[in-house]
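Now for the letters of each chain:
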Amino acid sequence: MVIDKTQIKKRPLVKQIFSELLYGIRFFTIDQVIGIFYNFPVPLDNYTKRPVVLVPGMFGKTFTFYRLRKKLMKEGYPVYTVSLGLQLGDVIQKSEKVSKYLEDNNINDCYILGHSSGGIISFLLLASGNKRVRRLIAFGSPFFGSYLAYLFPYIKQALQVKPGSIFLNKLKSHYNLINNATSVYSKFDQITIPTRKSRLYKSDDIFFPEIGHLNPIMSSTGVKFIQNLLNYYDLHE
């Protein structure tokens, strides 16, 4: 699949680096504090497009999706955010929570946008045969692991996404069997190391033309990129 990148105005490299640094500070401060006490409400029924479900990654909180959620809801998407606590535990159990969330809120034919290990958590839904998901779009998800995970030897989720882990070796047997999962990888990702490990290596892998792990979901460029991507799937699927 070819996404017309000319629709995305790529920012100068200095701005990309600066915004990634700012988003990183916000991610580990403001988003963490607000995320402890607040989750976005479930949307009402007066929306015209397919549901969008946002799943955060390790250490992630739903408030990180504030700008993305606001923009997508203005476009007519009912946007759901799944709060998964500290996001340090077993990804299999986290996936079961996402599955229950979809069931409890009667969400069907949805797009799931999974960030970082949130993409792995969401992929497990597809691997288990969940039929409620129209398409998974995973951003910077370590499908083949990340060397950064070695820095967190006592965190269950990090152990699962180490390169060559037993968990990933089992999961990757599903990569070529599932057709409704798309990986988005950035020009350089400082969290999923090396960046190529966030690819599913399928024909519909999508390149995000800026650097960073948070820019694809938090920056104005990233949000526009996602809007265009969902519009593409609305028209072609």
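To be clear, the structure that these remarks concern was listed above.
A brief look at the structure comes next. (Residues numbered from 1 in each chain as written. Predicted model: local features only at pLDDT ≥ 70, side-chain atom pairs only at ≥ 80, totals over all residues. Heavy atoms only, no water.)

1. What about the layout of surface pockets?
1) Next: Approximately 370 Å³ is the volume found for the largest pocket.
2) Next: Lining the largest pocket are 23 residues, and of these Met58, Ser116, Leu148, Ile191 and His213 lie nearest its centre.
3) Next: Tallying contributions element by element places helix H1 (residues 13-28) first for the lining of the largest pocket, with 4 residues.
4) Next: Here the residues of the lining of the largest pocket are counted per class, giving 12 nonpolar, 10 polar and 1 charged. (1 Å grid on protein atoms, 1.4 Å probe; cavity = no way out; pocket = protein on both sides within 12 Å on 5 of 7 lines; lining within 4 Å. Points joined across faces, edges and corners; volume = space filled by probe spheres on them. Helix = DSSP H or I, 4+ residues; strand = E, 2+ residues; numbered from the N terminus. Nonpolar A, V, L, I, M, F, W, Y, C, P; charged D, E, K, R; others polar.)

2. As for the pattern of salt bridges
1) Next: Per the stated rule, a full pass over the model turns up 9 salt bridges.
2) Next: One salt bridge in this structure joins Arg134 and Asp109, with 3.3 Å as the shortest N-O distance. You can see Arg134 sitting in strand E4 (residues 133-139) and its partner Asp109 sitting in the loop between helix H4 (91-104) and strand E3 (110-115), a full 25 residues away along the chain.
3) Next: Among the residues examined, Asp109 registers a relative accessible area of 32% and is labelled partly exposed.
4) Next: The residue Asp205 makes a salt bridge to Arg199 at a minimum N-O spacing of 3.0 Å. (Salt bridge = Lys/Arg side-chain N within 4 Å of Asp/Glu carboxyl O. Buried < 20%, exposed > 50% of the residue type's maximum accessible area, 1.4 Å probe, protein only.)

3. Examining a nonpolar patch on the surface
1) Next: A cluster of nonpolar side chains, namely Val33, Ile36, Phe37 and Tyr38, defines an oily patch on the protein surface of about 480 Å² accessible area.
2) Next: With respect to the helices and strands, the residue Val33 is situated in helix H2 (residues 30-37). (Patch = residues over 30% accessible without salt bridge, like charges linked within 9 Å, V, L, I, M, F, W, Y side chains within 5 Å. Areas by Shrake-Rupley, 256 points an atom, 1.4 Å probe, with all protein chains shown as cover.)

4. Section: the sheet that holds strand E5 (residues 181-188)
1) Next: Strand order across the open sheet formed by 6 strands is E2-E1-E3-E4-E5-E6, with parallel pairing between neighbours. Of all the strands in the sheet, the pair left with one neighbour each is strand E2 (79-81) and strand E6 (206-211). For this sheet, the mean angle separating the axes of adjacent strands, direction not counted, is 20°.
2) Next: As paired strands, E3 and E4 are joined by 6 bridges and run parallel to one another. Paired with Tyr111 across the strands is Arg135, a residue of E4.
3) Next: Of the strands in this sheet, strand E1 (52-55), E3, E4 and E5 touch helix H5 (residues 117-127), which is tilted by about 140° from E3. (Pairing = 2+ DSSP bridges. Axes fitted to C-alpha atoms, helices over the stretch in contact; angles between N-to-C directions. Contact = heavy atoms within 4.5 Å.)

5. Things to note about the environment of Lys162
1) Next: Positionally, Lys162 belongs in the loop between helix H6 (156-160) and helix H7 (166-171).
2) Next: Sequence separation between Lys162 and Pro142 is 20 residues, and the spatial gap between their C-alpha atoms is 8.6 Å.
3) Next: The residues contacting Lys162, other than those within four sequence positions of it, are Gly145, Ser146, Ala149, Tyr150 and Leu168.

6. Overview of the pairing of E6
1) Next: For E6, the tally of buried residues reaches 5 of 6 residues, placing the bulk of the element in the interior.
2) Next: Pairing of E5 with E6, which is carried by 4 bridges, proceeds in the parallel orientation. From the neighbouring strand, Tyr185 faces E6, where its bridge partner is Phe207.

7. As for the packing of H1 against H2
1) Next: Between H1 and H2, the least distance of the axes is 3 Å, while the angle of their chain directions is 35°. Here Arg26, Phe27 and Phe28 of H1 come into contact with H2, specifically with Ile30, Asp31 and Gln32.
2) Next: Its residues placed into classes, the contact of H1 with H2 shows 3 nonpolar, 1 polar and 2 charged.

8. Brief notes about H4
1) Next: With 14 residues, H4 should cover 20 Å at 1.5 Å per step; its first-to-last C-alpha distance of 20 Å lies within 8% of that length.
2) Next: Along H4, the positions that sit buried rather than exposed are Val91, Lys94, Ser95, Val98, Tyr101 and Leu102. Axial view of H4: buried residues confined to an arc of 115°, hence all on one face. Facing away from the buried surface of H4 by more than 90 degrees, the exposed residues are Glu96, Glu103 and Asp104. (Expected span 1.5 Å × (residues − 1). Arc of directions from axis to C-beta.)

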